[in-house]
Amino acid sequence: VEQVQYLWSKLRKAGVPVVEPPGGHAVFLNAQAFFPHIPQEEFPAQRLVAAIHEASGVRGMERGLVSAGRDPLTGKHRPSKLELVRLTIPRRVYTYSHMDVVAEGVMEVFQQREHFKGLRFVYEAPTLRFFTALFELL
C-alpha cells in the first residue's frame, strides 16, 4: 500500500493524470486525460500501455474499450465510460527503486504525449480479446 501511494504521489506531482484516490493494489492512469487527442475508438489506454512498455519495459493493463469487448448482436464495441491503465503492484515483490523506474517510464511518455497516435485492430479474438489482440499504429 505504501508503494502504491509512493508511485501515485510521484506521478501526480509530475502532472500525470492519475485516478484519485490511489488504490490499495494499483495506480490507475487516466488515458483519456493523458492522450486527449486520441479518440476512444483509437484505444488511448491500449496505446498508453504500449508506449509505457516501449519506453521502460513496464507492463500495465488496459481497462477501457478493448477490455469491454464487442456486443455479440451488433458487433459494435461495448461502451466504456473510462479509458484507464492499471499499474498493479504485488506485495513484497518490488523495491522503491522499481517504483522509480515505473515513474520515470510513465513520465517520459507523458512528456512526449502529443507525439503519440492511436491504434487500430489487426486481429481480435472473439472472446477475451485483450489477451491476444494485435494492433497497429495509425
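What comes next concerns the included structure. Fair warning: this is a prediction, and the values are worked out from it, not measured in the lab.

Describing the sheet that holds strand β1 (residues 26–30)
The strands making up a sheet associate through backbone hydrogen bonding, with each pair oriented either parallel or antiparallel. Strand order in the open sheet made by the three strands is β1-β3-β2, with antiparallel pairing throughout. For this open sheet the edge positions go to β1 and β2 (61–63), each flanked by a neighbour on one side alone. Going across the sheet, the axis of each strand differs from the next one's by a mean of 30 degrees, ignoring polarity. Relative to strand β3 (residues 84–88), β2 runs antiparallel, the two being bridged by three bridges. If you follow arginine 63 over to β3, its bridge partner there is leucine 84.

Thoughts on the nonpolar core
For soluble globular proteins, nonpolar side chains are generally found buried alongside one another. Of all hydrophobic cores here, the largest spans 29 residues; its most connected members are Leu11, Val16, Leu29, Leu48 and Val106. Mapped by element, the contributors of at least two residues to this core are α1 (2–13), β1, α2 (31–34), α3 (44–56), β3 and α5 (96–111). Here this core takes seven residues from α5, the largest share from any one element. Setting aside chain neighbours within four positions, we find leucine 11 in contact with Val16, Val18, Val27, Leu29, Ala103, Val106 and Met107. Core analysis: the second largest hydrophobic core is formed by six residues, Phe43, Leu65, Val66 and Ala133 among them.

Each value, and the rule that gives it
Residues numbered from 1 in each chain as written. Predicted model: local features only at pLDDT ≥ 70, side-chain atom pairs only at ≥ 80, totals over all residues. Heavy atoms only, no water. Pairing = 2+ DSSP bridges. Helix = DSSP H or I, 4+ residues; strand = E, 2+ residues; numbered from the N terminus. Axes fitted to C-alpha atoms, helices over the stretch in contact; angles between N-to-C directions. Core = buried A, V, L, I, M, F, W, Y, C linked by side-chain atoms within 4.5 Å. Buried < 20%, exposed > 50% of the residue type's maximum accessible area, 1.4 Å probe, protein only. Contact = heavy atoms within 4.5 Å.

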